[in-house]
Amino acid sequence: MEPMKSFLIGVATSGYQSEGGYNGPGEPKNNWGGCEASGRVQKTGAAVDFWNRYREDFRLTRGLGLNSFRLGLEWARIQPSTSTARGAAPEFDNEAIDAYALRIAACREEGLEPVVTLQHFTHPAWLGIDAWLMDETVDLFEIFVRHTITRLNDRLVDVHGQAPVRWYVTINEPNMLVLNTYLNRCFPGGPDAGVAIGLRAYNRLLAAHVRGYNAVHDLYESRGWSKPLVSMNTFCSDVYWSDVMLLDLLCLRKTGVKPAEVGGYFKSRAEDLSLHFGVAALRRRTDLAALAGASLHALANFLASRAATEEGCGFFLRELERAKRDSTLDYLGVDYYDPFLSHALRMPDFSDLEFKSRSVSAHLFDVLTSKWWDWHFLPEGMTAFCSYYAKAFPGLGILIAENGMSQRCSRDNSVVAHRPDKILRSDYLEAHLREVRRMLDQGVPLIGYLHWSLTDNYEWGSFTPRFGLYRIDFAKGLERLPVDHMGDNPSRTYARLVRELGLGGVGS
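Residues numbered from 1 in each chain as written. Predicted model: local features only at pLDDT ≥ 70, side-chain atom pairs only at ≥ 80, totals over all residues. Heavy atoms only, no water.

Peer 1: I'd like a rundown of helix α5 (residues 94–109), residues and numbers included.
Peer 2: Taking 1.5 Å per residue, 16 residues should reach 22 Å; α5 reaches 22 Å between its end C-alpha atoms and fits that length. Burial of α5 is extensive: 12 of the 16 residues sit out of reach of the surface. For α5, the full list of buried residues reads Ala96, Ile97, Asp98, Ala99, Tyr100, Ala101, Arg103, Ile104, Ala105, Ala106, Cys107 and Arg108. Between a side-chain oxygen at the N-terminus of α5 and the backbone nitrogen of Glu95 the separation is 3.1 Å; the capping residue is Asp93. Once α5 ends, the next one or two residues include Gly111, with phi positive near 85 degrees. (Helix = DSSP H or I, 4+ residues; strand = E, 2+ residues; numbered from the N terminus. Expected span 1.5 Å × (residues − 1). Buried < 20%, exposed > 50% of the residue type's maximum accessible area, 1.4 Å probe, protein only. Polar contact = N/O pair within 3.5 Å; in protein donor to acceptor, adjacent residues only side chain to side chain.)

What follows is the structure, given as structure tokens:
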């Protein structure tokens, strides 16, 4: 099959999870630094040393016939402090920005289109542990974005002789950041928690996206550069209030919905989403844990529908009213893993708990909640979600900014286990890339697919979840290994499928 000419096909990574060089002595500290120091989570250390091995990783990616690479700019590296304490904003480290420009230039030199993330779950420690509950964080994020992208792109143009970055993701998965910080509490956070606190964080994260979106567009317009493509990505969820509502909020000026009308509008849109998945009749789990998990969905709808009002969204609505542009999204970024809240619970399992729980209730929660390797294999669900987004947000292309599956292997190889469903990564890739091809043939406006991730990496406190096309045997070093601990060779499978399905063209 002839390759497409403008489809992004590649891999996704993040800075903190792959670069190395955070939270150690004399290193930049982010909001995970306290957890690392206390032993609540594993230390990142060198992670997979992408900071130094970037050229190797770009070559591996291009060698698979891929054309794009998502990477992040870490705020904590660019505006660094070596203290975990909250404090005043430090000076920018322009040498760090120049180093990122060098890496992006190298990415292009290997024939890869860079997709640049501006905030991927982490923030500098000097902002405080609950930065996204503070109004001032929105202002500070805008300052960070304006300074960073100006220096970065000037460097690309003036020093490397390249065009400015075209593709941006402002905020990575704000829904998962809020969920993991203020509801299930597995990310670092202060004592406040609950739906109202989560909504407060949503307001500020979405406001930061709007500021970032306008900052990028302002710069490109002032310099006469080609229009950038700016969005944020959300974790696909069948809970309206945790995914689609965020996109609806960002599109209010384009849809003409007034602030006083948002409560009724949200409820109507939530019903549309529920109807869509009722008709889709997907093969969801039906075990006892899933039946119990369905009650979580009902509870989430009950609580969120009462909180997401004009008053509850007031901070963001005022920000949107002041925004320079009606548009806030140039495309949709979506991350597809296991999107169904009913799958959040499992039968009690004590075998895969790595860290001591903070309380009896937290221990019970850890035992009963699904882990990465429990996520349900449902490739047709990706098509159902993308079809819904295409209908709900006409005119916007859809970038699958992340999609992948976890195996389980501890850092020292003392624990190696199959997924409960025995699926290998090659099986996963085969099924999901064929869904991508099917969507393209059906006219779903897909503009790209980025697999999470190129290598195994640091997965938010642990090296045990394995998402890599290339294995890292951390007990022996950081060599990129094509065959994983299950004897599978997923990178070879990805390359074959890209060829067979005609997905490997040049970046758009």
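Peer 1: So what's going on with the sheet that holds strand β7 (residues 398–403)? Which residues, and what values?
Peer 2: Pairing between the strands of a sheet is mediated by backbone hydrogen bonds and can be parallel or antiparallel. On the basis of which strands lie adjacent, the closed barrel formed by 8 strands has the order β1-β2-β3-β4-β5-β6-β7-β10 and parallel pairing. When strand polarity is set aside, the average angle formed by the axes of neighbouring strands in this sheet is 25 degrees. Bridge count between strand β6 (residues 332–336) and β7: 5 bridges; the pairing is parallel. Bridging across to β7, Leu332 finds its partner in Ile398. Packing against the sheet, helix α8 (residues 195–223) makes contact with β4 (167–172) and β5 (229–235), and its axis sits at approximately 160 degrees to β4. (Pairing = 2+ DSSP bridges. Axes fitted to C-alpha atoms, helices over the stretch in contact; angles between N-to-C directions. Contact = heavy atoms within 4.5 Å.)

Peer 1: With reference to specific residues and values, describe the sheet that holds strand β8 (residues 407–409).
Peer 2: Here we have 3 strands laid out as an open sheet, ordered β9-β8-β11, and antiparallel in their pairing. In this open sheet, the two strands that pair with only one neighbour each are β9 (416–417) and β11 (465–466). For β8 and β9, the ladder comprises 2 bridges, and the chain directions are antiparallel. Pairing of Arg408 across the sheet is with Ala417, part of β9.

Peer 1: Outline the pattern of salt bridges, supporting the account with residue identities and numerical values.
Peer 2: The full count for this structure, using the stated rule, is 35 salt bridges. The salt bridge involving Arg146 is made with Asp218; its shortest N-O contact spans 3.0 Å. Of this pair, Arg146 sits in helix α6 (residues 136–158) while Asp218 sits in helix α8; the two residues are 72 residues apart in sequence, bridging distant segments of the chain. Note that Glu319 is salt-bridged to Arg211, the shortest N-O span being 2.7 Å. Taken together, the positions of Glu319 in helix α13 (residues 314–322) and Arg211 in helix α8 put the pair 108 residues apart, joining distant regions of the chain. Classification of Glu319 by relative accessible area gives buried; the value is 5%. According to the relative accessible area criterion, Arg211 is buried, its value standing at 18%. Through salt bridges with shared partners, one network takes in Asp139, Glu142, Arg146, Arg211, Asp218, Glu221, Glu319, Arg322, Lys324 and Arg325. (Salt bridge = Lys/Arg side-chain N within 4 Å of Asp/Glu carboxyl O.)

Peer 1: A description of the packing of helix α7 (residues 174–182) against α8 should follow, citing residues and the corresponding values.
Peer 2: At their nearest, the axes of α7 and α8 sit 10 Å apart, and the two run at 150 degrees to each other. Once α7 is placed against α8, the crossing between them reads as right-handed. From α7, Pro174, Asn175, Leu177, Val178 and Tyr182 reach across to α8, where they touch Ile197, Gly198, Ala201, Tyr202 and Leu205. Of the residues in the contact of α7 with α8, the class split is 8 nonpolar, 2 polar and no charged. (Left-handed = near helix turned anticlockwise from the far one by under 90°. Nonpolar A, V, L, I, M, F, W, Y, C, P; charged D, E, K, R; others polar.)

Peer 1: Which residues make up the packing of aromatic side chains, and what values go with them?
Peer 2: Applying the stated rule across the entire model yields 42 aromatic pairs. Plain terms: the ring middles of Tyr240 and Phe266 are 6.3 Å apart, the flat faces sit at 50 degrees to each other, and that makes the pair tilted. You can see Tyr240 sitting in the loop between β5 and α9 (244–250) and its partner Phe266 sitting in helix α11 (residues 262–280), a full 26 residues away along the chain. Accessibility classification places Tyr240 together with Phe266 in one group, the buried group. The residue whose ring lies beneath Arg77 is Trp51, and the NZ or CZ to ring-centre distance is 3.9 Å. (Phe/Tyr/Trp six-rings, centres within 6.5 Å; stacked < 30°, edge-to-face > 60°. Lys NZ or Arg CZ within 6 Å of the ring centre and 35° of its normal.)

Peer 1: Just give me the short version of the packing of α11 against helix α15 (residues 379–392), but keep the residues and values in it.
Peer 2: Where α11 meets α15, the axes come as close as 11 Å, and the angle between the chain directions of the two elements is 140 degrees. If you check the angle between α11 and α15, you find them oblique. Seen from above, α11 lies across α15 with right-handed handedness. Side by side, α11 and α15 meet where Arg269, Asp272, Leu273, His276, Phe277 and Ala280 of the first sit next to Ala384, Phe385, Ser387, Tyr388, Lys391 and Ala392 of the second. Taken together, the residues that form the contact of α11 with α15 break down as 7 nonpolar, 2 polar and 3 charged. (Parallel < 35°, antiparallel > 145°, perpendicular 65-115°, else oblique.)

By themselves, these figures tell us nothing about what the structure is for.
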